[in-house]
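Residue-level structure breakdown
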Amino acid sequence: MKRTRVRFAPSPTGPLHMGGVRTALYNYLFAKKMGGDFILRIEDTDSHRFVPGAEEYIIESLRWCGILPDEGLDADGKLASKRSVHNPHAPYRQSERKGIYRKYAEQLVDGGFAYYAFDTAAELESARAAAEGAGETFIYNSASRSSLRNSLTMDPAEVKRLLEERDDWTIRFRMPENEVVEMDDIIRGHIEVNTSTLDDKVLWKRADELPTYHLANIVDDHLMEISHVIRGEEWLPSLPLHFLLYRAFGWERPEFAHLPLLLKPVGNGKLSKRDGDKMGFPVFPLRWVSPAGEVSRGYREDGYFPDAFVNLLAMLGWNPGTEQEIFSLEELVQAFSLDKVGKSGAKFNPDKAKWFNKEYLRMRSDEELTALFMPVLAEHGVSAEPASVLEIVSLIKERATFVRDFWDIAWYLFNAPEEYVEKDAAKFWKSENVAMAREALMETGSAHDMEEYIRSREWPMGKVMNCIRLALTGSSNGLGIADIMRFIGRDEALARFHRAEERLII
Ligand code: GLU
């Protein structure tokens, strides 16, 4: 059997959307499941859309997610860019493969599958305007190409002259007339498209001596021995052309699998950055600052764990066929198969995304969480002993979704409250409760003894405890009193109580 080789082929036109990371992930999972190779290829032949920093962003995102390619990157994480005698597939950046595409485009011309087109931009524009004037849309295809300036309509000597003289010609695919292209997609099933609906796409441009996406993509998938093309559904309309290109070259086709779109949490349509901005969630793996200075938030900076992010992405469009939702990357590799990827779009649920992080946070060891919490404490000017923080971190983590929540949940373990929540104070700081609370605190050494004491006096437990809690934390909620008192100690608890007595008016 042919070795499984898949590729993730992003264009560095901006930050990688989370849908793009999901595409990379599914490619990775499929490759690993099949014992094959996962390749990263940078499709940067469209120089107008090139955005500085986008390629680095893509690589850093994959690295953060732990889905590193087998090819396309050196062992140290840098893009392998030099053709090496040991690696016939390199380089992996299309701009560095520039020289190889022209001969393939010309091979198609020689075989009658493509032709040279000499129409200038202005000529095409006027053809477009004329069609629109007649209430039609202009398509460069079998119907219109016979009246345009190309090697199918002009005499060979003229063609030869223009090829030499001009530097703005292109090579276009000669789309067959009225043929039904039959295709099979692993996810979408059988698809039929009539070629009359398709146009003669440009494959290669003399102006910059670069191929367009379609040609470069097919040539590279062939040369890199790609067995399966797994990509977003937005590429489905290109599939008939790609099928026809493989046929024209006489090459064996890879299998295709088009992944369902990620959809907005509410309403219809594709998940966009605007949805994230509106509802307060990131749509990019990492924070991104555009060349114009516009900032987009990232999952990493928002405090997501990479394995939680990978897990939640895996579940957007794929299901294991069981109730299991939490999967490590290794478990995903084991469970993954393309036949469990759905056809219909996957609605993104930001609350569910948080749920995943919460689950992963709870699975983290107390030691690891303590190490993550220590710098947060330092930021707040707290110098605490890791050993004592370790004692309470397991209580805090039960209530948190992100490590950054830790401070909000437990700041009062480290600082005495400066203020008291007004409505809680009004409810719990009553003179009779304060008197009982003071006595209970003074007479006992620990929360446990205190409870015993309150019980023996037949005092109202809830009222007394809430009164103490208000003094210790400034509000009526928080961690268990026993835990708080154990952490801050009896002296600090008493000090805080006396402070509350000074500050709170009954
Ligand atoms: N360069 C294309 C993109 O940016 C790749 C599409 C494909 O995988 O064929 O998504």
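All values reported here derive from a predicted model rather than from experimental measurement. (Residues numbered from 1 in each chain as written. Predicted model: local features only at pLDDT ≥ 70, side-chain atom pairs only at ≥ 80, totals over all residues. Heavy atoms only, no water.)

Here we come to the overall build of the protein chain. What the protein chain contains, in helices and strands, is 19 helices and 14 strands. Since a compact globule built from 506 residues should have a radius of gyration of about 23 Å, the 32 Å found for the protein chain marks it as more spread out than a globular shape. With the C-alpha coordinates of the protein chain rotated into their principal frame, the extents come out at 110 × 55 × 40 Å. Excluding contacts between residues fewer than 6 apart, the proportion of contacts in the protein chain whose partners are at least 24 apart in sequence is 70%. When the accessible area of the protein chain is evaluated, it comes to approximately 24000 Å², of which 50% is carbon and sulfur surface. Across the protein chain, the centroid of the 65 positively charged side chains sits 1 Å from that of the 80 negatively charged ones. (Helix = DSSP H or I, 4+ residues; strand = E, 2+ residues; numbered from the N terminus. Rg over C-alpha atoms; globule rule 2.2 N^0.38 Å. Contact = heavy atoms within 4.5 Å. Areas by Shrake-Rupley, 256 points an atom, 1.4 Å probe, with all protein chains shown as cover. Lys, Arg positive; Asp, Glu negative; His and termini not counted. Charge placed at Lys NZ, Arg CZ, Asp CG, Glu CD.)

Around the ligand lies a shell formed by Arg7, Ala9, Pro10, Ser11, Glu43, Tyr213, Asn217, Arg231 and Trp235. Within the contact set of the ligand, a nitrogen atom lies 3.0 Å away from a side-chain nitrogen or oxygen of Ser11. Among the residues making up the shell around the ligand, the classes are represented as 4 nonpolar, 2 polar and 3 charged. (Near = heavy atom within 4 Å. Polar contact = N/O pair within 3.5 Å; in protein donor to acceptor, adjacent residues only side chain to side chain. Nonpolar A, V, L, I, M, F, W, Y, C, P; charged D, E, K, R; others polar.)

A sheet is described by the order of its strands in space; here 4 strands give the open sequence β3-β4-β7-β8, paired in antiparallel fashion. Either end of the sheet is taken by a strand with one partner, and the two such strands are β3 (114-117) and β8 (210-211). Where strand β4 (residues 170-173) meets strand β7 (residues 202-205), 3 bridges bridge the pair, whose relative direction is antiparallel. Across the sheet, the residue bridging to Ile171 is Trp204, located in β7. (Pairing = 2+ DSSP bridges.)

Inspection of the secondary structure puts Ala447 in helix α17 (residues 447-456). A residue is classified by how much of its surface remains accessible, and Ala447, at 7% relative accessible area, is buried. In contact with Ala447, other than residues within four places in its own chain, are Ile481, Ala482 and Met485. (Buried < 20%, exposed > 50% of the residue type's maximum accessible area, 1.4 Å probe, protein only.)

This model, assessed by the stated rule, comprises 46 salt bridges. The residue Asp200 makes a salt bridge to Arg145 at a minimum N-O spacing of 2.6 Å. Of this pair, Asp200 sits in the loop between β6 (189-194) and β7 while Arg145 sits in the loop between α4 (121-133) and α5 (156-165), and the two are 55 residues apart along the sequence. Residue Arg145 is classed as buried on the basis of its relative accessible area, which comes to 9%. Here Glu451 ties to Arg455 by a salt bridge, and the two come within 3.3 Å at their closest N and O atoms. Here Glu451 and its partner Arg455 are both found in helix α17, 4 residues apart, which amounts to about one turn of the helix. Take Arg455: its relative accessible area is 47%, and that puts it in the partly exposed class. (Salt bridge = Lys/Arg side-chain N within 4 Å of Asp/Glu carboxyl O.)

This part covers unusual backbone geometry. Backbone torsion omega between Ala90 and Pro91 reads -5°, so that peptide bond is classified as cis. By secondary structure assignment, the location of Pro91 is in the loop between α2 (54-65) and α3 (101-110). With phi around 45°, Asn178 is a residue other than glycine that occupies positive phi space. For Glu209, which is not glycine, the phi torsion reads 55° and is therefore positive. Note that Glu209 resides in the loop between β7 and β8. Owing to a relative accessible area of 33%, Glu209 belongs among the partly exposed residues under this scheme.

Nothing here speaks to function; it is all geometry.
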